[in-house]
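Results of the structural survey
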Amino acid sequence: MNKLQPVKGPITLSEAEREELRQEVRALCNSFGNEYWRRLDPGREYPHEFVNALTEAGYLSVLIPEEYGGKGYGLTEATIILEEIHRSGGHAAACHAQMYTMGSLLRHGSEEQKQKYLPGIASGDIRLQAFSITEPDAGSNTTAISTFAEKTEGVYVVNGHKNWTSRIQQSDLLLLLARTTPFEEVEKKSQGITLFLVDLREIRKNQPDSLVVEPVRTMFNYATNKIWYKDMEIPEDSVIGEEGKGFKYVLDGMNAERILLAAETIGDGYFFIDRAVEYASTREVFNRKIGQNQGVQFPIAQAYTKVKAADLLRYEAAKKFDTGENCGEEANTAKLLSSEASWEAGNVCINTYGGNGFVDQYDIERKFRETRMYQVAPVNNNLILSYIGEHVLKMPRSY
């Protein structure tokens, strides 16, 4: 079987320990409650208090090895944390990147870089929440990016334009993907792309005009931005791994990202199911609980089975990732199925609530807006189908 090389075997919790972790995260999330998220939503305010609480509890450092100050857990345990955030009615978009973007530094960074940054990330003294990859004219075609880092005397000078660079205003560090060799000069389109770890604290202090940030308002509370790099100078030791191999490093972390975000959608799915079951079991119309009606009960039960199936595949994907096995099929399929299952559960929940499902005080419409994203991010479901068609079913490439 094709094996990937893990950095170090993660700590695997027992089922009892995982349940204890689940209950601890649930208790923390419940201390904020849906009222907290509802209050932040209209102004699209960043949930600083919630992120601080997660950081102090050590939940954002679970994937960082113990030798760098983290808990050293596996991806399975990390998915439990994100699932519970979403099942409680919260949204992990404000913090989930710190889990999976850190992987590029951990797997491909130098020991000096890891010693310099990982302990601070684990303690919460440093935030690594921002990843700058996508460009307006490239989209999912990452190899077509045009942001360029030109190497000069001791530094790289970066110029370019990115979109969907989330949480940069709340981050101390930024992972940036840029070309260091022009597209027309490489043999393969994936070559000549380099991954950089940028210290935003230095940029803000010494080169504030080199970084232009324009916040973008989206249909739900998601701190994302358009970015312009204007002759931004970063030192040579900002390179993660080898120059020109950054595209491979980014691909290496995509399975983890898809598994983690699948867990978020599963949490959304259970949120909708929990709410629909509770409402159907208490709401009376025509002198009977509406959950007695098969037209209400059966769609909820059907949606539950799909969330449950996606949930099981999430665990299989995470297990393979933690043991170093090739999990591309499972990671992609889990993301696809979970995003579709949560969307169906959301529709069923709104149908159960009727008009009340559109009222903000019930929190259904907020979560409905949030869970829609996962069908297009971090990767469009059509691209997942293309992956399965080509790499799993061995059909001709579709694009």
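In this text, all values refer to a predicted model and were calculated from it rather than measured experimentally. Sequence positions are assigned chain by chain, starting from 1 and proceeding in written order. Reporting in this predicted model follows two pLDDT cut-offs: at least 70 for local features of residues, and 80 or more for side-chain atom pairs to be given and counted; totals over whole chains, interfaces and linings ignore these cut-offs and use all residues. Here the side-chain values reflect all heavy atoms present in the structure, with hydrogen atoms and water set aside.

Turning to unusual backbone geometry, a few remarks are in order. Residues alanine 377 and proline 378 are joined by a peptide bond in cis, for which omega reads 5 degrees. The secondary structure listing takes helices from DSSP runs of H or I that are at least 4 residues long and strands from runs of E that are at least 2 residues long, numbered from the N terminus. Of note, proline 378 is situated in the loop between α12 (364–372) and α13 (381–392). Even without a glycine there, the phi angle at aspartate 231 is positive, about 50 degrees. One can find aspartate 231 in strand β7 (residues 224–235). The backbone of lysine 394 shows a phi angle near 60 degrees, a positive value even though the residue is not glycine.

Where empty space is left becomes clear once a probe the size of a water molecule has been rolled over the atoms. With a 1 Å grid laid over protein atoms only, a set of points is called a cavity when a 1.4 Å probe fits there but cannot get out and a pocket when it is open yet has protein on both sides within 12 Å along at least five of seven lines; lining residues have an atom within 4 Å of a point. Grid points are joined across faces, edges and corners, and a volume is the space filled by probe spheres set on the points. Within the structure shown, the criterion is met by 2 cavities of 30 Å³ or more. Around the largest cavity sit 16 residues that line it, and Trp37, Glu45, Pro47, Asn221 and Tyr222 are the ones nearest its centre. Sorting the residues of the lining of the largest cavity by element identifies α2 (33–40) and α12 as the ones contributing at least two each. Counted by class, the lining of the largest cavity contains 8 nonpolar, 2 polar and 6 charged residues. What the second largest cavity holds in volume is close to 30 Å³. Polar here means any residue other than Ala, Val, Leu, Ile, Met, Phe, Trp, Tyr, Cys and Pro, which are nonpolar, and Asp, Glu, Lys and Arg, which are charged; Gly is therefore polar.

Here we take up the packing of aromatic side chains. Paired rings are identified among Phe, Tyr and Trp, the last through its six-membered ring, by centres lying within 6.5 Å, and are further divided according to the angle between planes into stacked (under 30 degrees), edge-to-face (over 60) and tilted (the rest). Tallied over the entire structure, the rule returns 11 aromatic pairs. Geometrically, the ring pair formed by phenylalanine 32 and tyrosine 36 is edge-to-face, given 5.0 Å between the ring centres and 65 degrees between the ring planes. Note on tyrosine 36: relative accessible area 7%, which makes it buried. Ring geometry for tyrosine 156 and phenylalanine 196: centres 5.0 Å apart, planes at 70 degrees, overall edge-to-face. You can see tyrosine 156 sitting in strand β3 (residues 155–162) and its partner phenylalanine 196 sitting in strand β5 (residues 193–199), a full 40 residues away along the chain. The class of phenylalanine 196 is buried, set by a relative accessible area of 0%. Aromatic rings pair up to connect Phe32, Tyr36, Trp37 and Phe50 into one cluster. Residue exposure (1.4 Å probe, protein chains only): buried if accessible area is under 20% of the type maximum, exposed if over 50%, otherwise partly exposed.

Turning our eyes to something else, we now look at the packing of helix α9 (residues 246–282) against helix α11 (residues 328–353). Between N-to-C directions, angles cover 0 to 180 degrees, with each direction set by a line fitted to C-alpha atoms, over the stretch in contact for helices. The N-to-C vectors of α9 and α11 enclose an angle of 20 degrees; their axes lie 8 Å apart at closest approach. Taken together, the axes of α9 and α11 are roughly parallel relative to one another. Crossing geometry of α9 relative to α11 is assigned as left-handed. In terms of residue class, the contact of α9 with α11 is built from 13 nonpolar, 10 polar and 4 charged. We call two directions roughly parallel when the angle between them is under 35 degrees, roughly antiparallel when it is over 145, roughly perpendicular when it lies between 65 and 115, and oblique otherwise. Rotating anticlockwise by less than a right angle from the far helix to the near helix defines a left-handed crossing, while the corresponding clockwise rotation defines a right-handed one.

Turning our attention to helix α10 (residues 294–322). If you check α10, its first and last C-alpha atoms are 42 Å apart, about what 29 residues at 1.5 Å a residue would give, namely 42 Å. Taken together, the buried positions of α10 are Val296, Ile300, Ala303, Val307, Ala310, Asp311, Arg314, Ala317, Ala318, Lys320, Phe321 and Asp322. What makes two residues a contact is simply this: any of their non-hydrogen atoms within 4.5 Å. Tucked inside the fold, the buried residues of α10 contact α4 (75–87), α6 (102–108), α9 and α11. Phi turns positive one or two residues past the end of α10, at glycine 324, with a value near 80 degrees. For a helix, the expected span equals 1.5 Å multiplied by the residue count minus one.

Right, let's get into the pattern of salt bridges. Any two side chains of opposite charge can pair, on the condition that their charged atoms come close. The term salt bridge refers to a pairing of a side-chain nitrogen on Lys or Arg with a carboxyl oxygen on Asp or Glu at a separation within 4 Å. Within the structure shown, the criterion is met by 25 salt bridges. The partner of glutamate 84 in a salt bridge is arginine 22, and the shortest N-O contact between them spans 2.6 Å. Of this pair, glutamate 84 sits in helix α4 while arginine 22 sits in helix α1 (residues 15–30); the two residues are 62 residues apart in sequence, bridging distant segments of the chain. One salt bridge in this structure joins arginine 87 and aspartate 274, with 2.9 Å as the shortest N-O distance. Taken together, the residues arginine 87 in helix α4 and aspartate 274 in helix α9 connect sequence positions 187 residues apart. Under the relative-accessibility criterion, arginine 87 is labelled partly exposed at 26%. Through salt bridges with shared partners, a single network forms among Glu19, Arg22, Arg26, Glu83, Glu84, Asp311 and Arg314.

Time to look at the confidence of the model for the chain. In this model, the chain carries an average pLDDT of 95, and 98% of its residues clear a pLDDT of 70 or more. Every residue in residues 1–7 scores below 50 in pLDDT, and together they form 14 contacts with partners more than four places removed in sequence or on other chains. pLDDT expresses, on a scale from 0 to 100, how confident the predictor is about each individual residue.

The next subject is a negative patch on the surface. A cluster of like negative charges, contributed by Glu112, Glu236, Asp237 and Glu243, occupies part of the molecular surface. Inspection of the secondary structure puts glutamate 243 in the loop between β7 and α9. Residues enter patches when their relative accessible area tops 30% and they take part in no salt bridge; the joining distance is 9 Å for like charges and 5 Å for the nonpolar side chains Val, Leu, Ile, Met, Phe, Trp and Tyr. Where accessible areas are quoted, they stem from the Shrake-Rupley method and a 1.4 Å probe; at the residue level, only the protein chains shown are allowed to cover. Charge assignment: positive for Lys and Arg, negative for Asp and Glu; neither His nor the chain ends contribute. Taken as the charge centre is NZ of Lys, CZ of Arg, CG of Asp or CD of Glu, depending on the residue.

A separate point is the environment of threonine 143. Mapped onto the secondary structure, threonine 143 falls in the loop between β1 (128–132) and β2 (148–151). C-alpha separation for the pair threonine 143 and lysine 188, spaced 45 residues apart in sequence, amounts to 9.5 Å. Ignoring anything within four residues of it in the chain, the contact list for threonine 143 reads Arg179, Phe183, Lys189, Ser190, Ile193 and Phe247.

Before going further, it helps to spend a moment on α9. For an α-helix the count is 3.6 residues per turn, leaving residues at separations of three or four pointing the same way. In this model, α9 (37 residues) spans 54 Å end to end at C-alpha, consistent with the 54 Å of a helix rising 1.5 Å per residue. Bend at a residue means the angle formed by two fitted axes: the first through the 7 residues ending at that position, the second through the 7 residues beginning there. At methionine 254, α9 shows its maximal kink, close to 30 degrees. With 27 of its 37 residues buried, α9 lies for the most part within the structure.

Quick look at the environment of lysine 116 now. Checked against the element boundaries, lysine 116 lands in helix α7 (residues 111–123). Taking the C-alpha atoms as reference points, lysine 116 and glutamate 150, 34 residues apart in sequence, are found 25 Å from one another.

In this description, strands pair whenever DSSP reports at least two bridges between them. Inspection of the sheet shows β3 paired to β7 by 7 bridges, in the antiparallel sense. Within β7, the position partnered with lysine 162 by the bridge is isoleucine 227. As defined by bridge partners, strand β6 (residues 211–216) adjoins β7 across 6 bridges and the pair is classed as antiparallel. Residue pairing across strands places glutamate 214 opposite lysine 226, the latter belonging to β7.

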